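Inside the fold
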Amino acid sequence: MNASAPGSIAIGGDAHGPVSATVHVHQPLWQVTWPHQVGVVPLLAHCRQERPADQALDAAVAAGEGVVVCQVAAGLGGVGKTQLAVALARRLWDCGELDLLVWVSATSRPAVVTAYAQAAADVVGVDDTDPEQAAVRFLAWLAATPRRWLIVLDDVTDANDLQGLWPAATGSGRTVVTTRSMDSALAAGRHRIDVGVFTPAESMNYLAAKLAGDSIRLEQAADLADDLGHLPLALAQAAAYILDRTSMTCASYRRRLADRRRQLVALAPRVLPDDYPYPVAVTWSLSIDRADTFAPEGLARPVLELAALLNPNGIPTEVFTTPAVLTHLGARTGGPIAADDVTDALDNLARLSLATTDPETGTVRVHGLLQRAVREATPSAHAAQLAVTAADALRSIWPDIERGRDHAQALRANTTALHTHSDPLLWNAVRGVHPVLFAAGRSLGRTGQLAAAIAYFHTLNITATHHLGPDHPGTLTTRNNLAYWRGEAGDPGGAAAAFEDLLTDCLRVLGPDHPDTLATRSNIARWRGEAGDPGGAAAASKDLLTDCLRVLGPDHPDTLATRSNIASWRGEAGDPGGAAAAFEELLTDRLRVLGPDHPDTLNTRSNIASWRSEAGDPGGAAAAFEELLTDFLRMLGPDHPDTLIIRNNIAHCLGQAGDPTGAVTAYRELLTDQLRVLGPDHPRALTTRNNIAYCLGQAGDPTGAVTAYRELLTDQLRVLGPDHPDTLNTRSNIARWRSEAGDPTGAAAASRDLLTDCLRVLGPDHPNTLIARNNIAYCLGQAGDLTGAAAAFEELLTDQLRVLGPDHPGTLITRNNVAHCLGEAGDPAGAAAALDELLADCLRVLGPNHLNTVTVHGNLARWRGRGRS
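Before going into details, it helps to say that this report is about the structure given with it. All figures in this text were calculated on a predicted structure; none of them were measured in a lab. (Residues numbered from 1 in each chain as written. Predicted model: local features only at pLDDT ≥ 70, side-chain atom pairs only at ≥ 80, totals over all residues. Heavy atoms only, no water.)

1. A word on a nonpolar patch on the surface
Together, Tyr-278, Val-282 and Leu-286 make up a nonpolar patch on the protein surface, roughly 240 Å² of accessible area in all. Note on placement: Leu-286 falls in helix H10 (residues 280–291). (Patch = residues over 30% accessible without salt bridge, like charges linked within 9 Å, V, L, I, M, F, W, Y side chains within 5 Å. Areas by Shrake-Rupley, 256 points an atom, 1.4 Å probe, with all protein chains shown as cover. Salt bridge = Lys/Arg side-chain N within 4 Å of Asp/Glu carboxyl O. Helix = DSSP H or I, 4+ residues; strand = E, 2+ residues; numbered from the N terminus.)

Have a look at this one:
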């Protein structure tokens, strides 16, 4: 048919089927001018930044045979997807590389069809009364023309809108799509470019350009970029807001942004920059509304409201499927919600780039500014329940034993975010402090971050006092935690004093028989012992036991725990045999009350073995620990901290039994698992490194011991600080093994420096201070100053008799050292006489098989022999 003659023709249709339509053909006077543009290309943003995504878009991906694959730029609203397409279109147009540029605002199928119909009319010269038919005609022209063309489908919201409307992939044309949707249908057979936020450098370059390099206005610009999550649209609107006010700077804008009374919409400029149609919050609201229409309908927004309270950089996906969250969502939607429904809702949010899910890490991320917009749009009536639900969910997935540092850090970060956004809602006069806030603080301490735990509970106590008052049980509990971690961080005296202060208020507020009051008395006793007064700790625990028996009864767990503490302090006070016997009696009752597999029963068996070792039977203790390890593995698993402790004790017994090399091997195997389970900075991992170094020295490698201790000291100074008892102990050990390695003079000087710090930190009567004095005396002897060593040991013995008592193992060791100095100074008979008296006490206190008893017996024989010769 002659194309110049009007008439009715049949045109092959697209996937919708053939269409019959009336067409009107232009008269011969019609002519298109090349190059030709259809649609309005948005303006290039002022001070727009060149980005890696520009290069990705410029590099048209070839599918072979010169065919260019369609490119899909996808990402969150406000990241600059449209501007990427604008920059590409304008570059190609300005460089003369296009014959046809079609810009389509592709927010709906009718919008795309209309734009295609206009393009068809322009380039084909045919006005179709049916826009769908015109669109098909235009697509056919694109597939066949040698003209160079670019079609930009901007802001596609639904892949279904483009069904049958995708331009063909040809060697002369290319198609670029921008969208917030992550639907697989959009990317299938196409090249997707994920567009993210600015890098910090891009953010700074942008703000510097927008604010003309004004150093005053740019004050805290980097911090502002962080606050806005480096979102290009948010930075553009912030810069415009700053420029609209003569005295406004990035710093003052930050202050307004931090003011929760101001909503984001109030921080948008009066005239939006770069012809952007909506403030950033409104942009996202439209996407949220759409996500809520996807099945399961009405669930995306409530899920996002929960996510808005948590950490933008990673929320454990398991949070969203906890019973607390499912119950809350069911109440919000009016029907039962299953875990799969929530997973679908998260996928719907991800489809529109409102969230990012990472199956590999098991986390969900939501941009921080989007979170704020959602929080501001959340009805206040829902706020309290949302906060409590999020807190309940976090607490429910918090493991009792934290095995993964990353998981623990993620939980803490989410709790911090929740507390920041919902602070008043997590405190209640009846409920008190939400348990998740305590869990976060304890997590810091349990992963070895002791200073951070102290700082956390200090702040939590201030907050509790503000919300609940100083006498609320929840406030008292924060003080309990603060005192506890103070002790764990190496200040047992300060912890004991803090618990004494707490006890005064517990007695006044709760009464003498309240469980929390009794627990506080137990803590006082513990930290008195840790501060160097094991006898006082034992006495205080015995007084406490009387009240526990009266108030709680003989079989209450706290009563049994008090008996355990009494036994422990008996051993620490120098009676390991008595401690073992007391634990044997306790084991009988724990077996009856708790059963053989209860953790407290297993720990009692562990204590029996430990004190058997200290009482001189390391071989029997090691066998008991091996049996116990089997039960710990069965009940708790190989990675449970208590299981690792049993392995530590087995290694210790090897060393005590005279096999330091075997102990080193066992400790090193243990350390490998501790590093994996607990992390390198955990106190127990550091303790194991201490034990390895000690056993190296015992195995005849004092130089290796010094090296290992010095490496350990570096980490202890970083993790624990210079005044922690463990840090001081490591310095003591370095001095000791320096002496053994042939440098007694340097060791003595190091010990004197250490003693100064021990006196300052621990006081003159602390066991570790006494040990430092012992080491100084020992080094004097090693350096050849037997007179000075003897005098130092005699002075030390006087204080040990006063502080520790005559039967303490440390006192007995010093008596051995005094005798040794007498012998080396030329008085073997005096040495033998002193050792003879000492041996009688060792036999009485430690028994005949204790290592120290055996050592004294050997020394006595030695000096008797020298006296006869």
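2. As for the pairing of strand E6 (residues 71–74)
Residues Gln-71 and Ala-73 point to one face of E6 and Val-72 and Ala-74 to the other, with burial holding for every one of them. As defined by bridge partners, E6 adjoins strand E10 (residues 173–179) across 4 bridges and the pair is classed as parallel. Across the sheet, residue Val-72 finds its bridge partner in E10, namely Val-177. In this sheet, strand E11 (residues 191–194) lies alongside E6 in parallel orientation, the contact comprising 4 bridges. Across the sheet, the residue bridging to Val-72 is Arg-192, located in E11. (Buried < 20%, exposed > 50% of the residue type's maximum accessible area, 1.4 Å probe, protein only. Pairing = 2+ DSSP bridges.)

3. Notes on helix H16 (residues 405–422)
End to end, H16 covers 25 Å across 18 residues, agreeing with the expected 26 Å (1.5 Å per residue, within 8%). Every buried residue belonging to H16 is among Ala-408, Ala-410, Leu-411, Arg-412, Asn-414, Thr-415, Ala-417, Leu-418, His-419 and Ser-422, and all of these are buried. On the buried face of H16, the contacting elements are strand E12 (315–316), helix H15 (380–397), strand E15 (427–428), helix H17 (435–446) and helix H18 (450–468). (Expected span 1.5 Å × (residues − 1). Contact = heavy atoms within 4.5 Å.)

4. Thoughts on the packing of helix H29 (residues 683–698) against helix H31 (residues 725–740)
Helices that pack against each other are described as a pair by the angle of their axes relative to one another and the distance between those axes. Between H29 and H31, the shortest axis-to-axis distance is 11 Å and the interhelical angle comes to 15°. With respect to H31, the axis of H29 lies roughly parallel. The element H29 and its partner H31 pack so that their crossing is left-handed. Residues Asn-690, Tyr-694, Gly-697 and Gln-698 of H29 lie in contact with H31, whose contacting residues are Thr-730, Asn-733, Arg-736 and Trp-737. Residues that form the contact of H29 with H31 fall into these classes: 2 nonpolar, 5 polar and 1 charged. (Axes fitted to C-alpha atoms, helices over the stretch in contact; angles between N-to-C directions. Parallel < 35°, antiparallel > 145°, perpendicular 65-115°, else oblique. Left-handed = near helix turned anticlockwise from the far one by under 90°. Nonpolar A, V, L, I, M, F, W, Y, C, P; charged D, E, K, R; others polar.)

5. Examining the sheet that holds strand E13 (residues 356–358)
Taken in spatial order, the 3 strands of this open sheet run E12-E14-E13, and their pairing is antiparallel. The open sheet has two edge strands, E12 and E13, and neither has a second partner. With 2 bridges joining them, E12 and strand E14 (residues 363–365) adopt antiparallel strand pairing. Considered in E14, the bridge of Pro-316 is made with Thr-363.

6. Observations regarding unusual backbone geometry
Between Trp-34 and Pro-35 the backbone carries a cis peptide bond, its omega angle lying at -5°. Structurally, the position occupied by Pro-35 is in the loop between strand E2 (19–25) and strand E3 (36–38). Following Ala-295, the chain continues into Pro-296 via a peptide bond in cis, with omega recorded as -5°. Within the element layout of this structure, Pro-296 appears in the loop between H10 and helix H11 (300–307).

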